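# Summary of the model geometry
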Amino acid sequence: VYVSEYRNNRIQVFDTQGRFLRKWGARGSGDGEFNQPQGLAIDGIGNVYVSEYGNDRLQLFDRNGKFLRRWGNDGIGDEQIGWSHSLAIDGDGNVYVSDHWNDRISAFKPTV
């Protein structure tokens, strides 16, 4: 079970019995850091996608929390997000994020 912690700016992982396994993240805007993480989704191979409300971006990690890549930034143009919330991944690996400020769903192609 993966938990996105909005106020603590981290991701925590628990097993199916609720035992703590690991955590990653800290407040910030660098790779692997968070500013109000919101949405969280896991793809078919276990990669973890996190949307951030405060940094207006998405980050991708492996199942152990190793940073892989990020995309998006603040704005209204293509590949820009304003106050991201929920996210989802389809069967082809496309990533969809609710873009609150821009009143839209933004889509990103997989590049893993």
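Within every chain, residues take consecutive numbers counted from 1 along the sequence as written. It should be noted that, the model being predicted, local features are given only for residues of pLDDT at least 70 and side-chain atom pairs only at 80 or more, the latter also being counted only at that level, while totals for whole chains, interfaces and linings use all residues. Think of the side-chain values as coming from all heavy atoms in the structure, minus any hydrogens and water.

## Some remarks on the sheet that holds strand 2 (residues 10-14)
Here we have 3 strands laid out as an open sheet, ordered 1-2-3, and antiparallel in their pairing. The sheet terminates laterally at strand 1 (2-5) and strand 3 (20-24), the two strands that pair on one side only. Sheet twist, expressed as the average angle between the axes of neighbouring strands with direction ignored, equals 20°. Criterion used throughout: strands pair if DSSP finds at least two bridges between them. Strands here mean DSSP runs of E at least two residues long; helices mean DSSP runs of H or I at least four residues long; both are numbered from the N terminus. Here strand 2 runs beside strand 3; their pairing, made up of 4 bridges, is antiparallel. Paired with Gln12 across the strands is Lys23, a residue of strand 3. Helix axes are fitted to C-alpha atoms over the stretch in contact, other axes to C-alpha atoms as well, and angles between N-to-C directions run from 0 to 180 degrees.

## With respect to unusual backbone geometry
The phi angle of most residues is negative, glycine excepted, and most peptide bonds adopt the trans form. Despite not being glycine, Asn9 has its phi angle at roughly 55°, a positive value. Along the chain, Asn9 falls in the loop between strand 1 and strand 2. Only protein chains enter the calculation, and the probe is 1.4 Å; a residue is then buried if its accessible area is under 20% of its type maximum, exposed if over 50%, and partly exposed in between. Asn9 gets classed as buried once you look at its relative accessible area, which sits at 5%. The phi torsion at Asp56 lies on the positive side, around 50°, for a residue other than glycine. Looking at where Asp56 falls in the secondary structure, it is placed in the loop between strand 5 (48-52) and strand 6 (57-61).

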